[in-house]
Amino acid sequence: QVQLVESGGGLVQPGGTLRLACSASGVAISRDAMGWHRQLPGKERQWVASVFGSDSTRFYGDSVKGRFTLSRDNAKNTMYLQMNGLKPEDTGVYYCKTVLRGQEYWGQGTQVTVSS
């Protein structure tokens, strides 16, 4: 049974930082493809960042490149998203996702609000 649980969201001022965590079970984050997505108010869910298997190469969407960093703690089976230089347009619900044997699995999401 695959389960993904996000945490770390909250309210932050523009220019601030947050670190989101995605705790995984039933999937090995060191081996399987993992990613972060977000749903901004009134918009479709969009991809934010991904890491694929044992290859440590990360990929980022243009809107977050240079500000967000994806990392993994294999011992804790947890993936993180360090978000720096947050902007009001980053406000939304952030989800982690994995694909295992062709099946997509999503967490429940964590709310990020960037506002003064």
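Structure's up top.
Residues numbered from 1 in each chain as written. Predicted model: local features only at pLDDT ≥ 70, side-chain atom pairs only at ≥ 80, totals over all residues. Heavy atoms only, no water.

## What about the pattern of salt bridges?
In a structure, side chains of opposite charge can pair up when their charged atoms sit close to one another.
And then number 1: Counted under the stated rule, the structure contains 5 salt bridges.
And then number 2: With a shortest N-O distance of 2.9 Å, Arg38 and Asp90 are connected by a salt bridge. Taken together, the positions of Arg38 in strand S4 (residues 34–39) and Asp90 in the loop between strand S8 (78–83) and strand S9 (92–100) put the pair 52 residues apart, joining distant regions of the chain.
And then number 3: Accessibility expressed as a relative area gives 3% for Arg38, which makes it buried.
And then number 4: The buried category is assigned to Asp90, whose relative accessible area is 1%.
And then number 5: A salt bridge links Asp90 to Arg67; the nearest nitrogen and oxygen atoms lie 2.8 Å apart. Taken as a pair, Asp90 in the loop between S8 and S9 and Arg67 in the loop between strand S6 (58–60) and strand S7 (68–73) lie far apart in primary sequence, 23 residues in all. The pair formed by Asp90 and Arg67 is uniform in burial state, with each residue classed as buried.
And then number 6: Connected through salt bridges with shared partners, the residues Arg38, Arg67 and Asp90 form a single ionic network. (Salt bridge = Lys/Arg side-chain N within 4 Å of Asp/Glu carboxyl O. Helix = DSSP H or I, 4+ residues; strand = E, 2+ residues; numbered from the N terminus. Buried < 20%, exposed > 50% of the residue type's maximum accessible area, 1.4 Å probe, protein only.)

## With respect to the environment of Thr113
And then number 1: Along the polypeptide, Thr113 turns up in strand S11 (residues 110–114).
And then number 2: On the basis of relative accessible area, Thr113 is assigned to the partly exposed category, the value being 26%.
And then number 3: Taking the C-alpha atoms as reference, Thr113 lies 29 Å from Ser30; in sequence the two are 83 residues apart.
And then number 4: Every residue in contact with Thr113, bar those within four places of it in the chain, is listed here: Gly10, Leu11, Val12 and Thr91. (Contact = heavy atoms within 4.5 Å.)

## Here we look at the pairing of S11
And then number 1: The alternating pattern of S11 places Thr110, Val112 and Val114 on a buried face and Gln111 and Thr113 on a face that is not buried.
And then number 2: Sheet topology places strand S2 (residues 10–12) next to S11; 3 bridges connect them, and they run parallel. Directly across from Leu11, in S11, lies its bridge partner Thr113.
And then number 3: Bridge analysis of S9 against S11 gives 3 bridges, and the strand direction is antiparallel. Residue pairing across strands places Gly92 opposite Val112, the latter belonging to S11. (Pairing = 2+ DSSP bridges.)

## Looking at the nonpolar core
And then number 1: One finds Trp36, Phe68, Leu70, Leu81 and Met83 to be the most contacted residues of the largest nonpolar core, which totals 27 residues.
And then number 2: Sorting elements by how many residues they give to this core places strand S3 (residues 18–25) first, with 4 residues.
And then number 3: Not counting the four nearest positions on each side in its chain, Leu70 is found in contact with Trp36, Ala49, Ser50, Val51, Arg58, Tyr60, Met79, Tyr80 and Leu81. (Core = buried A, V, L, I, M, F, W, Y, C linked by side-chain atoms within 4.5 Å.)

## A closer look at the state of the cysteines
And then number 1: For the structure shown, the criterion picks out 1 disulfide.
And then number 2: Across the disulfide, Cys22 is cross-linked to Cys96 (sulfur-sulfur distance 2.1 Å). On the S-S bond that ties Cys22 to Cys96, the torsion sits near 65 degrees, and the link is right-handed. Of this pair, Cys22 sits in strand S3 while Cys96 sits in strand S9; the two residues are 74 residues apart in sequence, bridging distant segments of the chain. (Disulfide = S-S within 2.5 Å.)

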